[in-house]
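# Architecture and fold: a report
So you can see what is in the structure, the chains are spelled out below.
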Amino acid sequence: MAIIITDECINCGACEPECPNNAIYDAGSAWRFSDGTNLNGIIDFGGKQIDAEAAQEAVSDEVYYIVSDKCTECKGFHDEPQCAAVCPVDCCIDDEDVRETEEELLMKKNWLHQEK
Ligand code: SF4
Ligand code: SF4
C-alpha cells in the first residue's frame, strides 16, 4: 500500500525532501508525474495517455499530501518509508485504500525511474 498523510499534519515540510520519488507536495501545490522522476512527454498510465509534465490538481489544500501513484513506500531506495521516519507527529501512515504488493511497488519504482 502507499502511505497517506493525515490531517494531523502540522505542515512542517520535513518529509518533502526525503521522498525518493518526489511524491510529497505542499498543500495546494499542483503535482506532476515528471517531478523527480525520469518520466517525460506522453506516458502510458494504466492504458491512459497522459502528459507527464502536465500539472495535476492538488490532493489537499490544507496539509502536505502524497500522490499515491508516485509512492512506492520507498521500495528500491530505503528499508522503510522515509516520510514516516522523519515526521515529528507520526501522521504518515499506511493507506488502507491503496493496497500493493512488494513486487507491484518495485515495478512502480522502475516505471517512475526508467531509463529513456
Ligand atoms: Fe515518498 Fe517513501 Fe513517503 Fe512514499 S513512503 S511518500 S515514496 S518518502
Ligand atoms: Fe506533515 Fe509530517 Fe510531513 Fe511535517 S513531516 S509536513 S507534519 S507529514
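Refer to the structure above for everything that follows.
This section reports on the structure supplied with the text. (Residues numbered from 1 in each chain as written. Chains lettered and ligands numbered in written order. Predicted model: local features only at pLDDT ≥ 70, side-chain atom pairs only at ≥ 80, totals over all residues. Heavy atoms only, no water.)

## Notes on the overall build of the protein
Our working rule: Strands are runs of DSSP state E lasting at least 2 residues, helices are runs of H or I lasting at least 4, and numbering of each runs from the N terminus. Atoms counted for the radius of gyration: C-alpha only. Globule rule: 2.2 Å times residue count to the power 0.38. Here's how the labels work: a residue is buried when its accessible area is under 20% of the maximum for its type, exposed when over 50%, partly exposed in between, all with a 1.4 Å probe on protein chains only.
The helix and strand inventory of the protein stands at two helices and six strands. When the helices and strands of the protein are listed from N to C terminus, the series reads β-β-β-β-β-α-β-α. Over its C-alpha atoms the protein spans a radius of gyration of 14 Å, differing by no more than 12% from the 13 Å that the globule rule assigns to 116 residues. With the C-alpha coordinates aligned to their principal axes, the bounding extent of the protein is approximately 40 × 30 × 25 Å. Relative to its 116 residues, the protein shows a buried fraction of 38%.

## Digging into the pairing of strand β4 (residues 48-51)
Stated formally: For two strands to be treated as a pair, DSSP must find at least two bridges joining them.
Here four bridges tie strand β3 (residues 42-45) to β4, and the two strands are oriented antiparallel to one another. Paired with I42 across the strands is D51, a residue of β4. Taking the residues between adjacent antiparallel strands as the criterion, β3 and β4 are bridged by two residues, where G46 takes a positive phi near 60°.

## Some points on the site of ligand 1
Stated precisely, the cut-off is as follows: Residues are counted as near a molecule or strand when any one of their heavy atoms sits within 4 Å of it. Three classes are used, and their members are as follows: Ala, Val, Leu, Ile, Met, Phe, Trp, Tyr, Cys and Pro are nonpolar, Asp, Glu, Lys and Arg are charged, and the others, Gly among them, are polar.
The full set of residues close to ligand 1 is I3, C19, N21, I24, I66, C71, T72, E73, C74, P81 and C83. Across the shell around ligand 1, the residue classes break down as eight nonpolar, two polar and one charged.

## Some remarks on the pattern of salt bridges
For clarity, the threshold we go by: Each reported salt bridge corresponds to a side-chain nitrogen of Lys or Arg within 4 Å of a carboxyl oxygen of Asp or Glu.
Taken as a whole and assessed by the stated rule, the structure comprises two salt bridges. Its salt-bridge partner being E96, residue R99 comes within 2.3 Å of it at the nearest N-O pair. Residue E100 is joined to K108 by a salt bridge in which the shortest nitrogen-to-oxygen separation is 2.8 Å. E100 sits in the partly exposed class, given a relative accessible area of 22%. Classification of K108 by relative accessible area gives buried; the value is 11%.

## Re the packing of aromatic side chains
Put simply, the rule is: Each Phe, Tyr or Trp ring (for Trp, its six-membered ring) is paired with any other whose centre lies within 6.5 Å, and the angle between the two planes then decides the class: stacked below 30 degrees, edge-to-face above 60, tilted in between. Consider the ring centre and the ring normal. A charge sits over the ring if Lys NZ or Arg CZ is within 6 Å of that centre and within 35 degrees of that normal.
Evaluation of the coordinates by the stated rule reveals five aromatic pairs. Pairing Y25 with Y65 gives two aromatic rings, centres 5.7 Å apart and planes at 20°, and the pair type is stacked. Taken together, the residues span a long stretch of sequence, with Y25 in strand β2 (residues 24-25) and Y65 in strand β5 (residues 65-66) at a distance of 40 residues. Ring geometry for F33 versus W111: centroids 5.8 Å apart, planes at 80°, classification edge-to-face. Taken as a pair, F33 in the loop between β2 and β3 and W111 in helix α2 (residues 102-112) lie far apart in primary sequence, 78 residues in all. With a relative accessible area of 22%, W111 lands in the partly exposed category. Its end group placed over the ring of F77, K109 keeps NZ or CZ at 5.0 Å from the ring centre.

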